[in-house]
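Single-letter residue listing:
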Amino acid sequence: MQQLALFDLDNTLVNLDKAFQVWAWEFAGEHDLGREAVDWLIALDQAGYPHREVFFTKVRDRFALPEPVDELWYRYRHRMPYLVHCRPEVMDGLSRLRASRWKVAIVTNGTADNQFGKIQQTGLAEAIDGYVLSGLEGIRKPDIGLFEVAARRCGMTLEGGGWMVGDNLVADIGGGQAAGLRTIWIDRGTWAGHDHSADHVVTDVLQAMEILHSER
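So, here's what we can say about the structure.

Moving on, we get to the environment of Ser134. Its location among the elements puts Ser134 in helix α7 (residues 134-137). Look past the residues within four positions of Ser134 in its chain and what remains in contact with it is Thr108, Asn109, Gly110, Ile139, Arg140 and Leu146. A distance of 2.8 Å separates a polar atom in the side chain of Ser134 from the backbone nitrogen of Gly110.

What follows is the structure, given as structure tokens:
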């Protein structure tokens, strides 16, 4: 099997949940909404609204905000890249993989400006061999087309196999398996009761990286 490692971005390489909490406090402060609003925003986010237009429609209605939904969403997208961080030990882990001749890429769903901003601001752009953004390609995980593009950008093909690492059982694990990749699921406790067939289950991306080294 070729040494191809594809990683999800949000809540895999970076802690989006923590960044969202910071944003929620900032947003509540800017609009003078109070602590209960922060709790409500976090609960709404955890309820799962992958399309932020829907999320911000609910936010606007809840707090009777004057800004249009598009403006709220735009501000969120351009603020979030400055709130996410990639831990130094994760950056070191990516460097170790590449030093061991792994080809490493990020495969992420989301708008191009938001996701590219995160990759740039965290320094991940220099720590990987390539990245694929659904917002640029016009397809989303679990569509195998996104994984095909990532493999090509690493000079490889899906036929040679490889690995997908991520926290989403549908987009990352199901999509990776459909693409013929072995998978490592980062279980963050948000998929309780869901069956899965990931090759490995971990709670942190560093553990996933150690598995990749052992499977070399």
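Let us look at the packing of aromatic side chains. Remark: the centre distance and the inter-plane angle together describe each pair of aromatic rings, the angle taken between the planes. Considering all chains together, one arrives at eleven aromatic pairs under this definition. Where Phe55 meets Phe56, the ring centres are 5.0 Å apart and the plane angle is 85 degrees; that geometry is what we call edge-to-face. On the accessibility criterion, Phe56 (0% relative accessible area) is buried. For Arg52, the ring lying beneath its charged end belongs to Phe55, and the centroid distance is 4.7 Å. Positioned over the ring face of Trp73 is Arg77, at 4.4 Å from the centre of the ring.

Tallied over the entire structure, the rule returns 16 salt bridges. Of the charged contacts, one joins Arg75 and Glu67 as a salt bridge, the two residues approaching to 3.4 Å between their closest N and O atoms. Taking the relative accessible area as the measure of exposure, Glu67 reaches 14% and is therefore buried. Between Arg75 and Glu71 there is a salt bridge, with its nearest N and O atoms 2.8 Å apart. With Arg75 and Glu71 both in helix α4 (residues 69-79) and four residues apart, the pair spans about one turn of that helix.

Orientation of helix α5 (residues 88-99) relative to helix α10 (residues 205-214), taken along the N-to-C sense of each, is 15 degrees, at an axis distance of 10 Å. Compared by their axis directions, α5 and α10 come out roughly parallel. Once α5 is placed against α10, the crossing between them reads as left-handed. Residues Glu89, Val90, Gly93, Leu94, Arg96 and Leu97 of α5 form the contact with α10, whose participating residues are Val205, Leu206, Met209, Glu210, Leu212 and His213. Among the residues forming the contact of α5 with α10, the class breakdown is seven nonpolar, two polar and three charged.

Turning our eyes to something else, we now look at the side chain of Asp8. As for its placement among the helices and strands, Asp8 is situated in the loop between β1 (4-7) and α1 (16-30). Residue Asp8 is classed as buried on the basis of its relative accessible area of 6%. At a separation of 2.9 Å, a polar atom in the side chain of Asp8 contacts the side chain of Lys141. In contact with Asp8, other than residues within four places in its own chain, are Leu13, Val107, Thr108, Lys141, Met164, Val165, Gly166, Asp167 and Asp172.

Glancing now at the packing of helix α2 (residues 35-47) against helix α3 (residues 52-63). For the pair α2 and α3, interaxial distance at closest approach is 11 Å and the crossing angle is 155 degrees. By the angle between their directions, the pair α2 and α3 is classed as roughly antiparallel. Between α2 and α3 lies a crossing whose hand is right-handed. On α3, the residues that touch Ala37, Trp40, Leu41, Leu44 and Asp45 of α2 are Arg52, Phe55, Lys58, Val59, Arg62 and Phe63. Taken together, the residues of the contact of α2 with α3 sort by class into seven nonpolar, no polar and four charged.

With that settled, consider the sheet that holds β1. The strand order across the open sheet built from six strands is β3-β2-β1-β4-β5-β6, with neighbouring strands paired in parallel fashion. On the outer flanks of this sheet lie β3 (130-133) and β6 (200-202), each paired with one strand and no other. Sheet twist, expressed as the mean angle between neighbouring strand axes with direction ignored, is 20 degrees. Bridging between β1 and strand β4 (residues 163-166) involves three bridges; their strand directions are parallel. Within β4, the residue paired with Ala5 across the bridge is Trp163. Packed on one face of the sheet, helix α6 (residues 112-121) meets β2 (103-108) and β3 and runs near 160 degrees to β3.

Within the largest apolar cluster, 53 residues are counted, with the highest numbers of intra-cluster contacts made by Phe7, Leu13, Trp23, Phe56, Val59, Leu94 and Leu124. Residues in contact with Leu94, not counting those within four places in the same chain, are Phe7, Leu13, Val104, Leu124, Ala127, Ile128 and Met209.

Rules and cut-offs
- Each chain carries its own residue numbering, running from 1 in the written order of its sequence.
- Since the coordinates come from a predicted model, pLDDT governs what is reported: local features require at least 70, and pairs of side-chain atoms require 80 or more to be given and counted, while whole-chain, interface and lining totals use all residues.
- Hydrogens and waters are ignored; side-chain quantities use all the structure's heavy atoms.
- Runs of E in the DSSP output that reach at least two residues are strands. Runs of H or I that reach at least four are helices, and both are numbered from the N terminus.
- What makes two residues a contact is simply this: any of their non-hydrogen atoms within 4.5 Å.
- Nitrogen and oxygen atoms within 3.5 Å of one another constitute a polar contact, given that in protein one can donate a hydrogen and the other can accept it, and given that sequence-neighbouring residues count only through two side-chain atoms.
- Two rings from Phe, Tyr or Trp (for Trp, the six-membered ring) form a pair when their centres sit within 6.5 Å of each other. Planes less than 30 degrees apart are called stacked, planes more than 60 degrees apart edge-to-face, and all others tilted.
- Burial status follows relative accessibility: with a 1.4 Å probe on protein chains alone, a residue under 20% of its type maximum counts as buried, one over 50% as exposed, and anything between as partly exposed.
- Either the NZ atom of lysine or the CZ atom of arginine qualifies as a charge over a ring when it sits within 6 Å of the ring centre and within 35 degrees of the ring normal.
- A pair is scored as a salt bridge if a Lys or Arg side-chain nitrogen falls within 4 Å of a carboxyl oxygen belonging to Asp or Glu.
- A fitted line through C-alpha atoms serves as each axis, taken over the contacting stretch for helices, and the angle formed by two N-to-C directions is quoted from 0 to 180°.
- Between 65 and 115 degrees an angle is taken as roughly perpendicular, under 35 as roughly parallel, over 145 as roughly antiparallel, and anywhere else as oblique.
- Two helices crossing with the near one rotated counterclockwise from the far one by less than a right angle form a left-handed crossing, whereas a clockwise rotation gives a right-handed crossing.
- Side-chain classes follow a simple rule in which Ala, Val, Leu, Ile, Met, Phe, Trp, Tyr, Cys and Pro form the nonpolar group, Asp, Glu, Lys and Arg form the charged group, and the remainder, Gly included, forms the polar group.
- Strand pairing is defined by DSSP finding a minimum of two bridges between the two strands.
- Residues belong to one nonpolar core when they are buried, are Ala, Val, Leu, Ile, Met, Phe, Trp, Tyr or Cys, and are joined through side-chain atoms within 4.5 Å.

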